[in-house]
Amino acid sequence: MPHRTRRRRRAPHRAATAVLVAVLAASAGCSTAEPVTTPTSPSAAAAPARPAPAPEPAVPDVPVRSSGLDAAVVPSVVPPVGLAVPALDITLPLDPVGVTDDGQMEIPPLAERGGWYRFGASPADASGTAVVAAHVDSVASAGLGPFARLPDAAVGDVVDVTLADGSTRQYTVVDVARQAKPEVAWADVFTRGGPHRLVLVTCGGTFQRDVGHYSDNVIVTAEPVGA
Amino acid sequence: MHTRLIAGGAAGLALALTTAVPATADNHEAMLSVLHGVPDLTVDVYVNGERTLDDFAPGDLAGPLELAPGTYSVAITAADAADASAPAIGPVDLTLVGGENYTAVAHLDAAGAPTATLFTNDTSTTAAGQGRLTVRHTAAAPAVDVLAGGSPVITNLTNPEEEVLNLPAGTVSAAVAATGTTDPVIGPADVPVREGVNTIVYAWGSLEAGNLQLAIQDIEGLHSAPSGVPSGELGLASDPAPATGWLIGAALLLAAGGTLVASRRTPARVSRD
């Protein structure tokens, strides 16, 4: 169910609104009624009674665009479709994933497939973090997946990513970390801006049967080759 | 890409204009966009004596401008005026509060008279995976319902009110109908609800004149991160753990028909005592 809030303009804005009402109402009058005292043509505006105008300043570069629906910008995204870490014998097809009802990242049920967080950066992007996660083990796979070897990643390992358009991107591992889940600052992982990078995530640490998940996350950070 | 304009006048206000600005200004700045929703009227807009919008046409959306909080003198002239020395109206003062994000909308009221409304845009963080859809009635039309996929999701919205929905990211097939009806007067049209974005949809124009239409404004950068990455279910990769945890996991696997030992590639990592 969508969360709904009905909002009303707040009182402090009413004064400003009134100002604009006056502005626009008068302005609209210019276009719909006979002008009486308002200059509406260049000759009128340059009437000799006025002091000599200063040189006309350049109009500042205020962005103006059409607000039409067809002008709405929906950025195109080239999703990744596969990932490999040759040093660890990891090969994963990738599925675009989102968020589950509890607000966590969606993970493909099969541990043999990785999930690319489709609301964040793609490896095709020049900034932000592309996040790929896969189960270390899963019920659907009835066993371990390739990311069970992710903790063995070493700085300098190569990560190859294939995009949907057939192009490839190459990264090198710059950090391998294991962190207790409650302590992970996910906002610092799922960045939308800043330098581009690839982050691989799975689970690690101790499996906690009482809550049904591992104690830690394994987080491998890789940067574009040549960056 | 900043263009900084030092505005004249006794107030000495600095007006910073930018084409790439954060969606959420910090507490020292106000963000202002301006939407022109009055049909058949083209104007110039002067701010602190400087012509800021030239030939501003119906349906145009200007900004966002990143402004130091304060009071700005705004004058509107005919589109062909040489300067603001003989404004059609004004100058008038407009006070903006730091940290807020505004859209000033010139539009028609429900009866068709020109008016304007200053809306404060909701730039609070969106939940991971969600976007925000703000619907504003700025048209010369009676109360409306907004239909999504043919069903009303907003009812009895009147000019110049708004309603805000937080929705899973996706595309909404939206239509506007007189309240209590489902016969669209606008749309249906596909409206993108982007993750981490407040998509503001304005209904503007005049029902009587037959020029009702939609305007779209996006405010990006409201996203938040998922709360976690739950990427393990069985405990097969667990560090040494209580025996009960392991045994239960093994039982689950065996029940599922998994080949437990064969599938494990790093058996030394699991406690088997």
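Now for a quick tour of the structure. (Residues numbered from 1 in each chain as written. Chains lettered and ligands numbered in written order. Predicted model: local features only at pLDDT ≥ 70, side-chain atom pairs only at ≥ 80, totals over all residues. Heavy atoms only, no water.)

Scanning all chains against the criterion turns up ten salt bridges over all chains. The salt bridge involving B:R132 is made with B:D122; its shortest N-O contact spans 3.3 Å. Placement of B:R132 in strand β11 (residues 130-140) and of B:D122 in the loop between β10 (114-120) and β11 is noted, with a sequence separation of ten residues between them. Two residues, B:E162 and B:R136, come together in a salt bridge whose shortest N-O distance is 2.7 Å. Taken together, the residues span a long stretch of sequence, with B:E162 in strand β14 (residues 162-168) and B:R136 in strand β11 at a distance of 26 residues. A single burial state applies to B:E162 and to B:R136, both of which are buried. Residues joined by salt bridges that share partners form a network here, namely A:R178, A:D216 and B:D239. (Salt bridge = Lys/Arg side-chain N within 4 Å of Asp/Glu carboxyl O. Helix = DSSP H or I, 4+ residues; strand = E, 2+ residues; numbered from the N terminus. Buried < 20%, exposed > 50% of the residue type's maximum accessible area, 1.4 Å probe, protein only.)

All names here are of chain A. Here we have eight strands rolled up into a closed barrel, ordered β3-β4-β5-β6-β11-β12-β10-β9, and mixed in their pairing. Mean inter-strand twist for the sheet, computed between neighbouring axes without regard to direction, equals 35°. As defined by bridge partners, strand β4 (residues 90-97) adjoins strand β5 (residues 114-117) across four bridges and the pair is classed as parallel. The partner of P96 across the bridge, within β5, is W116. (Pairing = 2+ DSSP bridges. Axes fitted to C-alpha atoms, helices over the stretch in contact; angles between N-to-C directions.)

With respect to the element layout, A:K181 can be found in the loop between β10 (168-180) and α3 (186-189). Of the side chains with opposite charge, A:D216 comes closest to the buried, unpaired A:K181, at an N-O distance of 8.2 Å. Beyond its immediate stretch of four places on either side in the chain, A:K181 contacts A:W186, A:C203, A:H213, A:Y214, A:S215, A:D216, A:N217, B:V229, B:P230 and B:S231. (Lys, Arg positive; Asp, Glu negative; His and termini not counted. Contact = heavy atoms within 4.5 Å.)

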